[in-house]
Every structure is written in structure tokens, then in C-alpha cells.
Amino acid sequence: CSLLSAKGLMGLFEKRRFRKFLVFVANFDENDPKTMEGVDPKKTTMRAIFQKFSLGQEVIDFTGHSLALYRTDESVLLVVTVLLYAVWGRGSMALFRILKFSLSSLRYLDLPCIETINRIKLYSESLARYGKSPYLYPLYGLGELPQGFARYETSWVILCVCACVLHLQCKIN
């Protein structure tokens, strides 16, 4: 919340509503109906959750893009719509409608809230686990991550080779 208040994106009441939202997300468990507060995670859209907590558009954008790490929203759909019309003109209305319908599914605000809630929970759990950043690369560096995966994969290859050798030796004996 300090990031949002430093930029002046939230007032006092907005901070309280955002905190209530974050507490709701942190306590949310899809297997425990008591934590859902009347929300059906398979049917309720994320837009309805944001409306339930009366969050403003700036906080919605911040939450969707910075915490849930979504890249698309209505603005992307609008840009694609304008580009389609500019490139293909009136003759492409059928293609335009098909693409508009398929791109509308990318709007996370109109999808069931469970995916976004899980993304926000993952972000906060990673932040709590790794400290200053929820990402691994500041902790280990960009070169260490691929090297760690290579070591892990090599150990599996060695294990498989040993298992094959043992299996062949058992067949021979």
C-alpha cells in the first residue's frame, strides 16, 4: 500500500477498502465456504468483486496488472478493434466480430474471480517468501536460474541412466 499512497493513487477511505480486499483475498479458500463471504468463485466475475469492495479504477488497474500480472484489459480490445477496422475496412466485419468475441475472453474482469484471486495470493505468498521481490531473479541473479534448471535436469538424466543400467544388469544375471 505504500507504493500506492506514495503516488497519491489512494485516499484514506480507498486504502481501507483495498486493505479489506487484500484481507479477503488472503483468507479466501475455495474449499472452505466460510471464507468466501457469499462469493461463488466459479460464477462471480472479478469486476463484481471489485465492486463489492468499492475500489476505484486506478486500484483495479494496479491490482490486475501489478499483483495478478494480467497484461490485457478493455484498452487492448479497443486498440485491436481500431487496428482491424483501419487495416481491413468494412469488408472484414465478420472477422472483426469473431476477433472481438475471442479477445473479449481475455478481459480478466469479466472472467470468474478464482483465477485472479489465486494469482494475487501467489504474488503475496512469493513476496512473503522471498523478501523484497516476489521474483527469483533478484535473489539468485539471471544466470543462476538456468544453471539451476540445467543441474536439476542433469541429475534426472543420471538417475534414468543408472536405472537403465541396473535394469539391464538384472536381465543379464
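What you are looking at is a predicted structure, and each value in this text was computed from that prediction instead of being measured.

Visitor: Any details on the packing of aromatic side chains? Residues and values, ideally.
Guide: Ring pairs (aromatic) are described by centroid distance and by the angle formed between their planes. For the structure on display, the rule yields 7 aromatic pairs. Plain terms: the ring middles of phenylalanine 21 and phenylalanine 53 are 5.7 Å apart, the flat faces sit at 75° to each other, and that makes the pair edge-to-face. One end of the pair, phenylalanine 21, is in helix H2 (residues 12-27); the other, phenylalanine 53, is in the loop between helix H3 (46-52) and helix H4 (57-67), with 32 residues separating them in the sequence. Neither residue differs from the other here; phenylalanine 21 and phenylalanine 53 are each classed as buried. Here the aromatic rings of phenylalanine 24 and phenylalanine 53 are separated by 5.3 Å at their centres, their planes lie at 45°, and the arrangement is tilted. In this pair, phenylalanine 24 is assigned in helix H2 and phenylalanine 53 in the loop between H3 and H4, connecting sequence segments 29 residues apart. Residue phenylalanine 24 shares its accessibility class with phenylalanine 53, and that shared class is buried. By way of ring pairs, the aromatic residues Phe18, Phe21, Phe24, Phe28, Phe50, Phe53 and Phe62 are connected into one cluster. In this structure, arginine 119 packs its charged tip against the face of tyrosine 70, placed 4.0 Å from the ring centre.

Visitor: Residue-level account of the pattern of salt bridges, with values.
Guide: Under the definition given, this model contains 5 salt bridges. Residue lysine 42 pairs with glutamate 30 through a salt bridge whose shortest N-O separation is 3.9 Å. Of the two residues, lysine 42 sits in the loop between H2 and H3 while glutamate 30 sits in the loop between H2 and H3, which places them 12 residues apart along the sequence. Among the salt bridges present, the one from arginine 47 reaches aspartate 110, with a minimum N-O distance of 3.0 Å. Of this pair, arginine 47 sits in helix H3 while aspartate 110 sits in the loop between helix H6 (93-104) and helix H7 (113-130), placing them 63 residues apart in sequence.

Visitor: Describe the packing of H4 against H7, and please don't skip the residues or the numbers.
Guide: At a closest axis distance of 9 Å, the pairing of H4 and H7 adopts a crossing angle of 65°. The angle between the axes of H4 and H7 places the two elements in the roughly perpendicular class. Considering only the axes of H4 and H7, their crossing is left-handed. Each of Thr63, Ser66 and Leu67 in H4 lies in contact with H7, whose residues at this interface are Arg119, Ile120 and Tyr123. Along the lines of polarity and charge, the residues of the contact of H4 with H7 split into 3 nonpolar, 2 polar and 1 charged.

Visitor: Hey, could you go over the nonpolar core for me, with residue numbers and the actual values?
Guide: Core analysis: the largest hydrophobic core is formed by 26 residues, its most contacted members being Phe18, Phe21, Phe24, Ile49, Phe50 and Leu55. For this core, the elements supplying multiple residues, two or more each, are H2, H3, H4 and H7. In terms of residues, this core owes the most to one element, H7, which gives 5 residues. Apart from the residues within four sequence positions on either side, phenylalanine 50 is in contact with Phe21, Leu55, Ile60, Thr63, Tyr108 and Leu109.

Visitor: Talk me through the environment of serine 126; I want residue IDs and the actual numbers.
Guide: Along the polypeptide, serine 126 turns up in helix H7. Those residues in contact with serine 126 that sit more than four places away from it in its chain are Gly131, Ser133 and Pro134.

Visitor: Give me unusual backbone geometry: which residues, what numbers.
Guide: The backbone of glutamate 37 sits at a positive phi, close to 50°, despite the residue not being glycine. Here glutamate 37 lies in the loop between H2 and H3.

Rules of the game
Residues numbered from 1 in each chain as written. Predicted model: local features only at pLDDT ≥ 70, side-chain atom pairs only at ≥ 80, totals over all residues. Heavy atoms only, no water. Phe/Tyr/Trp six-rings, centres within 6.5 Å; stacked < 30°, edge-to-face > 60°. Helix = DSSP H or I, 4+ residues; strand = E, 2+ residues; numbered from the N terminus. Buried < 20%, exposed > 50% of the residue type's maximum accessible area, 1.4 Å probe, protein only. Lys NZ or Arg CZ within 6 Å of the ring centre and 35° of its normal. Salt bridge = Lys/Arg side-chain N within 4 Å of Asp/Glu carboxyl O. Axes fitted to C-alpha atoms, helices over the stretch in contact; angles between N-to-C directions. Parallel < 35°, antiparallel > 145°, perpendicular 65-115°, else oblique. Left-handed = near helix turned anticlockwise from the far one by under 90°. Contact = heavy atoms within 4.5 Å. Nonpolar A, V, L, I, M, F, W, Y, C, P; charged D, E, K, R; others polar. Core = buried A, V, L, I, M, F, W, Y, C linked by side-chain atoms within 4.5 Å.

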